[in-house]
Amino acid sequence: MTSLANVRFVLVGTTHPGNIGASARAMKTMGLVNLHLVAPKIYPSAEATARASGADDVLAGAIVHDSLQSALTGCTHVFGMSARLRHLAVPLMNPREAVTSLEKFDEDAQIAIVFGREHSGLSNDELDLCHTLINIPANPQYSSLNLAAAVQVMAYELRMSFNPQVDPGRIGEAREAIHAEDLIHLYDHFERSLMTIGFLDPENPRYLMRRIRRLFNRADLDRNEVQILHGILRAAETKARSSK
Ligand code: SAH
């Protein structure tokens, strides 16, 4: 299995500099940094920089080549992105199949993903340099994505195969794990409190505690949430005692 650091995105003959900037941004959001440009029409350009937004480092690191062959130097596997299904001499995959196929490559495999021009895609000579074609299965009546959108789809699939976890730092505070004994303690507290407030009848408990355990086992509680539940139970007990 190779790594994201060994994947380069190659944009061939891009006409609109804004698409180069937007592609750099799409790559950086997914942790990809190696951008290669083959004979871009207008580059460098203020529009590319503007569209890169905070990804100007990826843009600044882009290597410009005059031919696709030069951009592929050192690559062991070359994937060509094509909106059309005409060039059937090479295997065709969807993005997910393509990233899955990377699993069998060794760790120093060097991967290129090649994207074509906005108007005409990749030429036949350029497609001949690709070992595998990738097609994003889109609406058959309108299957051509904007270049940077195609870059985003591919970059996302790569990230999902290499690094699929959601970073807990992104979903608010870090969640502190609890242990089995914390849950036992919580369920004991539930049982006592529910009796105190008169909800659980010890003579006729039916399956209440089992259901409550099932509910909270499913909830993947963290330490903070367990503390909140203890607090709620204590408040309910206090209220029940004071109204007796
Ligand atoms: N009109 C061109 C499409 C250009 S879109 C054509 O028909 O070939 C610019 C580039 O984005 C394409 O060359 C390809 O690399 C990528 N792309 C766009 N839509 C795609 C799709 N559905 N599947 C794979 N790549 C796509």
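Analysis parameters
Residues numbered from 1 in each chain as written. Predicted model: local features only at pLDDT ≥ 70, side-chain atom pairs only at ≥ 80, totals over all residues. Heavy atoms only, no water. Near = heavy atom within 4 Å. Polar contact = N/O pair within 3.5 Å; in protein donor to acceptor, adjacent residues only side chain to side chain. Areas by Shrake-Rupley, 256 points an atom, 1.4 Å probe, with all protein chains shown as cover. 1 Å grid on protein atoms, 1.4 Å probe; cavity = no way out; pocket = protein on both sides within 12 Å on 5 of 7 lines; lining within 4 Å. Sits in = over half its atoms within 2 Å of the grid points. Nonpolar A, V, L, I, M, F, W, Y, C, P; charged D, E, K, R; others polar. Pairing = 2+ DSSP bridges. Helix = DSSP H or I, 4+ residues; strand = E, 2+ residues; numbered from the N terminus. Contact = heavy atoms within 4.5 Å. Axes fitted to C-alpha atoms, helices over the stretch in contact; angles between N-to-C directions.

Taken together, 19 residues form the shell around the ligand, and within it Met-81, Arg-84, Ile-136, Ser-143 and Leu-145 come nearest. The contact in question runs from a nitrogen atom of the ligand to an N or O atom on the backbone of Ser-82, over 3.3 Å. Backbone polar atom of Ser-143 to a nitrogen atom of the ligand: 2.8 Å apart, as the coordinates give it. Isolated, the ligand exposes 540 Å² of accessible area, and the fraction of that covered by the protein chains is 93%. When atom positions are compared with the pocket grids, the ligand is found to occupy the largest pocket. When the residues that make up the shell around the ligand are grouped by side-chain class, the tally is eight nonpolar, eight polar and three charged.

This paragraph deals with the sheet that holds strand 7 (residues 132-134). The seven strands are arranged 3-2-1-6-4-7-5 in an open sheet whose pairing can be described as parallel. The sheet is open, and its two borders are formed by strand 3 (63-65) and strand 5 (92-93), each paired with just one other strand. Across the face of the sheet, helix 1 (residues 17-29) comes into contact with strand 1 (7-12) and strand 2 (34-38) while running at roughly 160 degrees to strand 2. Where helix 7 (residues 147-162) meets the sheet, it contacts strand 1, strand 4 (77-81), strand 6 (111-115) and strand 7, and its direction lies at approximately 170 degrees from that of strand 1.

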